[in-house]
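Architecture and fold: a report
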Amino acid sequence: WARLFACGEWATAHAVALQAVDVASRLRSPHLVAAASTRQALAEYGLDDLDAALTSARRARALAERAGLMAPAAAAAGIEVDVLIRSGRAAECAHLLESVAPVLRAKEHGALRSMWFVLSACLAIERGDVTEAGRLLIDLVADERLLLGSGTLLAVAELALVLALARSASSAAELRRLIQQLDALRVSPRKPAEWRWLARHDPLAKPLPAPLQGQPPAAQLVA
């Protein structure tokens, strides 16, 4: 599933996630069902089926909460928040993000901490609070407990671009170029819903064609 999703093969990843949900249900494992439902939500998000993604994420969160699995529940809630933001319903999710913040921000949850910082910055931008969004991004990058993967790197670059545009900064063009390079190398596949969100702040944002042959490895660009 992870390889399919990373390659942008969301339809196949969705089919695999559905099979995983079925197998986990047969095994009667709440943890596995919640995890598979979360992957199903991510695949549906990649397919730009935001309603289905929201339903799957909410189901995953409910299953995890009933089983007392707080970290998986918080991760599913983060997907809910992301879907709501990207679908233009940011006002609905501030309370939800706050309710799971203690788990997302826990020191032992590095990946979840990065999710909280990025989503909180997104919400701040939606509120028009550029200063708060900038502070959150600075805290994110300065947090030594975080292992900034390619997906988080792309999210930080994307948010930094929005901040630069909001401030009419001269660095906006360079930031946009960084995002385009990351997308061209498919460091993290861009989802249609993400493009719409970015386009609300950056009218020049548009998907790029498939990467050309002979480009440097993604790891080299990130470095």
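Refer to the preceding data block for the structure.
Attention in this report is confined to the structure presented alongside it. Please read these numbers as outputs of a predicted model, since none were measured by experiment.

Rules and cut-offs
Every chain is numbered independently, its residues counted from 1 as its sequence is written. For this predicted model, a pLDDT threshold of at least 70 governs which residues receive local features, and a threshold of 80 or more governs which side-chain atom pairs are given and counted, while totals over whole chains, interfaces and linings are taken from all residues. In computing side-chain properties, one takes all heavy atoms of the structure into account and sets aside hydrogens as well as water. Strands here mean DSSP runs of E at least two residues long; helices mean DSSP runs of H or I at least four residues long; both are numbered from the N terminus. Buried means the residue's accessible area, taken with a 1.4 Å probe over protein chains only, is under 20% of the maximum for its type, while exposed means over 50%, and partly exposed covers the values in between. Note on contacts: a residue pair is in contact if any heavy atoms of the two residues lie within 4.5 Å. The rule is short: rings of Phe, Tyr and Trp, with Trp giving its six-membered ring, pair when the centres are within 6.5 Å, and they are stacked under 30 degrees, edge-to-face over 60, tilted in between. Only when the NZ of Lys or the CZ of Arg is both within 6 Å of the ring centre and within 35 degrees of the ring normal is a charge said to sit over the ring. When a carboxyl oxygen of Asp or Glu is within 4 Å of a side-chain nitrogen of Lys or Arg, the pair counts as a salt bridge. When we speak of the arc, we mean the arc of directions from the helix axis to the C-beta atoms. Grouping buried Ala, Val, Leu, Ile, Met, Phe, Trp, Tyr and Cys residues that are joined through side-chain atoms within 4.5 Å yields what is termed a nonpolar core. One fewer than the residue count of a helix, multiplied by 1.5 Å, yields its expected span. Helix axes use the C-alpha atoms of the stretch in contact, all axes being lines fitted to C-alpha atoms, and the angles between their N-to-C directions lie in the range 0 to 180 degrees. The cut-offs work like this: below 35 degrees is roughly parallel, past 145 is roughly antiparallel, 65 to 115 is roughly perpendicular, and the gaps in between are oblique. Left-handed describes a crossing whose near helix is turned anticlockwise from the far helix by less than a right angle; the clockwise case is right-handed. Polarity classes work like this: nonpolar for Ala, Val, Leu, Ile, Met, Phe, Trp, Tyr, Cys and Pro, charged for Asp, Glu, Lys and Arg, and polar for all others, with Gly in that last group.

This paragraph deals with the environment of Ala 90. As for its placement among the helices and strands, Ala 90 is situated in the loop between helix H5 (70-86) and helix H6 (94-104). Its relative accessible area of 13% is what places Ala 90 among the buried residues. Sequence spacing of Ala 90 and Cys 122 is 32 residues, and the spatial spacing of their C-alpha atoms is 8.9 Å. Setting aside residues no more than four positions away along its own chain, Ala 90 makes contact with Leu 84, Ile 85, Leu 123 and Glu 126.

Under the definition given, this model contains two aromatic pairs. Its guanidinium or amino end placed over the ring of Trp 1, Arg 39 lies 5.9 Å from that ring's centre, counting from NZ or CZ. Stacked on the ring of Trp 116, the Lys or Arg Arg 105 has its end atom at 4.1 Å from the ring centre.

This part is about the pattern of salt bridges. Summed over the entire model, instances satisfying the criterion amount to eleven salt bridges. Note that Asp 22 and Arg 26 form a salt bridge whose closest N and O atoms lie 3.0 Å from each other. One end of the pair, Asp 22, and the other, Arg 26, are both in helix H2 (residues 10-27), four residues apart, so they sit about a helical turn from each other. The network of salt bridges with shared partners includes Arg 58, Arg 61, Glu 65 and Glu 80.

Within H6, the full set of buried residues consists of Leu 96, Leu 97, Val 100, Ala 101, Val 103 and Leu 104. End-on, the buried residues of H6 take up no more than an arc of 160 degrees, which puts them together on one face. Away from the buried face of H6 by more than 90 degrees, exposed residues His 95, Glu 98 and Pro 102 are located.

Counting 54 residues, the largest nonpolar core has Ile 85 and Leu 159 as its most contacted members. For this core, the leading source of residues is helix H7 (residues 110-127), giving ten residues. When residues no more than four places from it in sequence are discounted, the contact partners of Leu 159 are Val 118, Ala 121, Cys 122, Ile 125, Leu 137 and Trp 197.

End to end, helix H8 (residues 130-142) covers 18 Å across 13 residues, agreeing with the expected 18 Å (1.5 Å per residue, within 8%). Every buried residue of H8 is listed here: Val 130, Ala 133, Gly 134, Leu 136, Leu 137 and Leu 140. Buried residues of H8, seen end-on, are gathered within an arc of 160 degrees and therefore sit on one face of the element. Set apart from the buried face of H8 by more than 90 degrees, the exposed residues are Thr 131, Ile 138 and Ala 142.

Following both chains from N to C, one finds helix H3 (residues 30-46) and H5 inclined at 15 degrees, their axes separated by 10 Å at the closest point. Relative to H5, H3 is oriented roughly parallel. Considering how the two elements wind past one another, H3 and H5 form a crossing that is left-handed. Of the residues in H5, those in contact with His 31, Thr 38, Ala 41, Leu 42 and Tyr 45 of H3 are Pro 72, Ala 76, Ile 79, Asp 82 and Arg 86. Per-class residue counts for the contact of H3 with H5 are six nonpolar, two polar and two charged.

Here we come to the environment of Val 118. Counting through the fold element by element, Val 118 comes out in helix H7. Residues Val 118 and Thr 152, 34 residues apart in the sequence, show an inter-C-alpha distance of 8.0 Å. Ignoring sequence-local partners within four residues, the contact set of Val 118 consists of Leu 140, Ala 155 and Leu 159.

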